[in-house]
Amino acid sequence: MPNAIPNVSLAQRAWAIRRNALRMGEVQGQGYIGQALGIADVLAVSYFHAMDYRADDPGWEGRDRFCLSIGHYAIALYAALIEAGILPEDEIGTYGMDDSRLPMSGMAAYTPGMEITGGSLGHGLGISVGIALGLKRKRNPAFVYNMLSDGELGEGSTWEAVMSAVQWKLDNLIAIVDFNNQQADGPTTHALAQVPEAPKWEAFGWHAQSVDGNDIDAVKAAFDTARTHAAAQPRVIICNTKMCKGIPFLEDREITHFIRVEPDEWARALAILDESRPQ
Amino acid sequence: MTLGPNSRRTPAHIARPKPATGGARTSAMIASLDAEGRETVTAPFGHALVDLARTRDDIVGLTADLSKYTDLHVFAKAYPDRFYQMGMAEAVLMSAAAGLAREGFTPFATTYAVFASRRAYDFIVMAIAEENLPVKIVCALPGLTTGYGPSHQATEDLAILRGMPNLTVIDPCCATEIDQATRAIADHPGPVYMRLLRGNVPDVLGEYGYKFDIARAQMIHDGNDVLFVSSGLMTMRTLDAAKRLKADGIDAGVLHVPTIKPLDEDTIAAACGKTGRLVVTAENHSITGGLGEAVAACLLRRGVTPAFRQIALPDEFLDAGALPTLHDQYGLSVDAVTTRVKAWLADAPAT
């Protein structure tokens, strides 16, 4: 794992990802900051423990592919790509602006390191099936990580992809479900998602794990298990995350899909984060 | 609760059938497209793809449980390790094709035109077209080529798909053109939707020395009184109709437009701008949003205003029945085309 620099802990990486995301949120005065803060620990493990890539060559053929199905999580992925050195930090101020490489919904044509265009939900896992098939055709040992949301579990196309991945024995495909139990109109479990989620995937033929997505050691162990699992089947890690994790006054706010942050609160959130910087 | 008036067709609206007379008339999807005894070629798409794959390792085939019905089974048999049976799942068919294209392959994805255009639209838009990926979507049963009714009749596929940026839309006429177009779209850098005639496909354009060019509409033969501007299987019909009209002293030309989008506007406008002839568009598609409207808009934009008529399917859900019957009923048969053109010439001579 060439990207694991021993003197920077995963907790520090997650902290930096949260900070980058908050700074982008401040630029626009809005953004899916609740999701970004919630998924930061999982992204830290993805980019600084699990994945192989070259920061100066985002299209390197040997890279692990990270496919972001949830386009509105772009703010979170940009924050990770900046921390990984794939995107320069000085582009933070362009987030969501005209001519920016960082549009508010993630699109492959705009951003180095953004593998697919997400946003129309229920697409990413199917595209990842195709990428995984293509890698196998090329005998390329890279993994495909596909990050999707619990809300996307309501899309029929997600389940087409779930079945297809099993049919093709895609042991190079790792799905990461951000289960924060929040979709646009309310709790995901009040709509179509069922808990526990993992047995459903197991019944379809996947290797499934469910972890506390804000426990870095647990997430790290789950990624290791997913990558080294021997059976010829796709793997899913259901990451139970807390929206707005790390900023207590936002965590306590009535949780909604689109967190409202008052103009003066961005600085307050950044100050709280800075005080809690891991050593 | 008060329910509104119900305008659905119910079984009570349908008259009892008369006993069948004469030759076999079937609604089977394999019904011949051409009763005139033309030579046919079997599975021209499948054989062209096999031929292409001999020299191109990047070509792979995917289908959603319709390989036998899109002639992709020929490819599957020749290259089983390059064939992906995706199951009855059109979303992952398109998404996985996009993923394979991202990894450098040239996927040919097949299903029926109704399922690609109606069911899989968002997946074609966002996974394939928005990224301009070289996925080739090849679909059987375009327009009215089955008697199964609206579930299988893709009468609005061109209208749906013409709205999609980056997508090239092709409606080939015959076996010769399908063979040539299959090779051409494999070389085309972006996404393509191609309507497919499958099974035993009549050969029509071969006798005219035709060479498919993805960018061009081509005059198959010229005529002074009427100009048909047609695509797909309607070019078979207009060529035959032109022969019939000739016998009645009417000189009809046929401009074949295989590529519906992008439209070869220069050639169409130049041909339709020749004064003194009636322009008749002819398409195996709804009158809404297909070739006819595309040509009409092109001509108006360019200030070309010939006398103009459209042969197309009505903006309706069509009946089930035998295909030859339906082609007569809805105006796509040679008889129907010939009759209507004569009537139009009698009513409103070209200006």
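The structure presented is a predicted model; accordingly, all values stated were derived computationally and were not measured. (Residues numbered from 1 in each chain as written. Chains lettered and ligands numbered in written order. Predicted model: local features only at pLDDT ≥ 70, side-chain atom pairs only at ≥ 80, totals over all residues. Heavy atoms only, no water.)

A. Fine view of the side chain of Ser164(A). If you trace the backbone, Ser164(A) turns up in helix 5 (residues 156-167). Ignoring any residue separated from it by four or fewer positions in sequence, one finds Ser164(A) in contact with Val129(A), Met86(B) and Val92(B). (Helix = DSSP H or I, 4+ residues; strand = E, 2+ residues; numbered from the N terminus. Contact = heavy atoms within 4.5 Å.)

B. Spatial organisation of the sheet that holds strand 14 (residues 308-313) of chain B. Residues and elements named next belong to chain B. Read from one edge of the open sheet, 5 strands run 9-11-10-13-14, paired in mixed fashion. For this open sheet the edge positions go to strand 9 (218-221) and strand 14, each flanked by a neighbour on one side alone. Across this sheet, the average inter-strand angle for adjacent strands is 25 degrees, counted without regard to direction. One ladder, built from 5 bridges, connects strand 10 (residues 226-230) with strand 11 (residues 252-256); its direction is parallel. Residue pairing in the sheet places Leu227 in a bridge with Gly253 of strand 11. (Pairing = 2+ DSSP bridges. Axes fitted to C-alpha atoms, helices over the stretch in contact; angles between N-to-C directions.)

C. View of the packing of aromatic side chains. The full count for this structure, using the stated rule, is 12 aromatic pairs over all chains. On the basis of an interplanar angle of 35 degrees and a centroid distance of 6.1 Å, the ring pair of Phe45(B) and Phe108(B) is categorised as tilted. Placement of Phe45(B) in helix 1 (residues 44-55) and of Phe108(B) in strand 4 (residues 106-112) is noted, with a sequence separation of 63 residues between them. There is no split in this pair, since Phe45(B) and Phe108(B) are both buried. Plain terms: the ring middles of Phe75(B) and Tyr79(B) are 5.6 Å apart, the flat faces sit at 40 degrees to each other, and that makes the pair tilted. For Phe75(B), a relative accessible area of 0% puts it in the buried group. An aromatic cluster is defined as three or more aromatic residues linked by ring pairs; in this entry it consists of Trp159(A), Trp201(A), Phe204(A) and Trp206(A). Sitting over the face of the ring of Phe249(A), Arg268(A) holds its NZ or CZ atom 3.8 Å from the ring centroid. (Phe/Tyr/Trp six-rings, centres within 6.5 Å; stacked < 30°, edge-to-face > 60°. Buried < 20%, exposed > 50% of the residue type's maximum accessible area, 1.4 Å probe, protein only. Lys NZ or Arg CZ within 6 Å of the ring centre and 35° of its normal.)

D. Region of the structure containing the packing of helix 1 (residues 10-28) of chain A against helix 2 (residues 33-50) of chain A. Residues and elements named next belong to chain A. Across the interface, helix 1 lies against helix 2 with an axial gap of 8 Å and an inter-helix angle of 140 degrees. On the basis of the axis angle, helix 1 is oblique to helix 2. Crossing angle aside, the handedness with which helix 1 passes helix 2 is right-handed. Where helix 1 abuts helix 2, its residues Leu10, Arg13, Ala14, Ile17, Arg18, Ala21 and Leu22 lie against Ile33, Ala36, Leu37, Ala40, Asp41, Leu43, Ala44, Val45, Phe48 and His49. Of the residues assigned to the contact of helix 1 with helix 2, the class counts are 13 nonpolar, 1 polar and 3 charged. (Parallel < 35°, antiparallel > 145°, perpendicular 65-115°, else oblique. Left-handed = near helix turned anticlockwise from the far one by under 90°. Nonpolar A, V, L, I, M, F, W, Y, C, P; charged D, E, K, R; others polar.)

E. Region of interest: the pairing of strand 1 (residues 65-68) of chain A. Residues and elements named next belong to chain A. Neither face of strand 1 is open: one carries Arg65 and Cys67, the other Phe66 and Leu68, and all of them are buried. Where strand 1 and strand 2 (residues 144-149) come together, 4 bridges link them in parallel fashion. From the neighbouring strand, Phe66 faces strand 2, where its bridge partner is Tyr145.

F. Quick look at the sheet that holds strand 5 (residues 136-140) of chain B. Residue and element names in this part refer to chain B. The strand order across the open sheet formed by 7 strands is 3-2-4-5-7-6-12, and the pairing between neighbours is mixed. At either margin of the open sheet sits one strand with a lone partner, and together these are strand 3 (83-85) and strand 12 (259-261). For this sheet, the mean angle separating the axes of adjacent strands, direction not counted, is 20 degrees. The sheet contact formed by strand 2 (residues 59-63) and strand 3 spans 3 bridges and is parallel. Paired with Gly61 across the bridge in strand 3 is Phe83. Sheet strands touched by helix 1: strand 2, strand 4, strand 5 and strand 7 (192-196). Its angle to strand 4, the strand with the most contacts, is close to 165 degrees.

G. Representation of the packing of helix 8 (residues 233-247) of chain B against helix 12 (residues 334-347) of chain B. Residues and elements named next belong to chain B. One can describe the packing of helix 8 onto helix 12 by two numbers: an axis separation of 9 Å at closest approach and a directional angle of 55 degrees. When the axes of helix 8 and helix 12 are compared, the pair comes out oblique. Seen from above, helix 8 lies across helix 12 with right-handed handedness. Of the residues in helix 12, those touching helix 8 at Met234, Arg237, Asp240, Ala241, Arg244 and Leu245 are Val334, Asp335, Val337, Thr338, Val341 and Lys342. Here the contact of helix 8 with helix 12 is composed, by residue class, of 6 nonpolar, 1 polar and 5 charged.

H. Focus on the environment of Leu93(B). All names here are of chain B. As for its position among the elements, Leu93 is in helix 3 (residues 90-102). Take Leu93: its relative accessible area is 0%, and that puts it in the buried class. For the pair Leu93 and Ala116, spaced 23 residues apart in the sequence, the C-alpha separation amounts to 9.5 Å. Apart from residues lying up to four places away in sequence, Leu93 is in contact with Leu62, Thr63, Ala64, Met86, Ala109, Thr110 and Thr111.

I. The arrangement of the domain arrangement of chain B in detail. Residues and elements named next belong to chain B. The assigned domain composition of chain B is domain 1 (36-205) and domain 2 (215-347). For domain 1 versus domain 2, the distance between C-alpha centres works out to 25 Å. In this complex, domain 1 contributes 34 residues to the contact, which on the side of domain 2 involves 33 residues. Here domain 1 meets domain 2 over a buried area of about 2,500 Å², counting both sides, of which 58% is carbon and sulfur. At the junction of domain 1 with domain 2, the criterion picks out 1 salt bridge. Arg38 is paired through a salt bridge with Asp240; the nearest N and O atoms lie 2.6 Å apart. Our enumeration of links across domain 1 and domain 2 arrives at 21 residue pairs in polar contact (both at pLDDT 80 or more). Where the side of domain 1 that touches domain 2 is concerned, the elements lending two or more residues are helix 6 (157-162) and strand 6 (168-170). It is helix 6 that provides the largest number of residues to the side of domain 1 that touches domain 2, a total of 4 residues. (Domains from an automatic or database assignment. Buried area = accessible area lost by both parts, 1.4 Å probe. Salt bridge = Lys/Arg side-chain N within 4 Å of Asp/Glu carboxyl O. Polar contact = N/O pair within 3.5 Å; in protein donor to acceptor, adjacent residues only side chain to side chain.)

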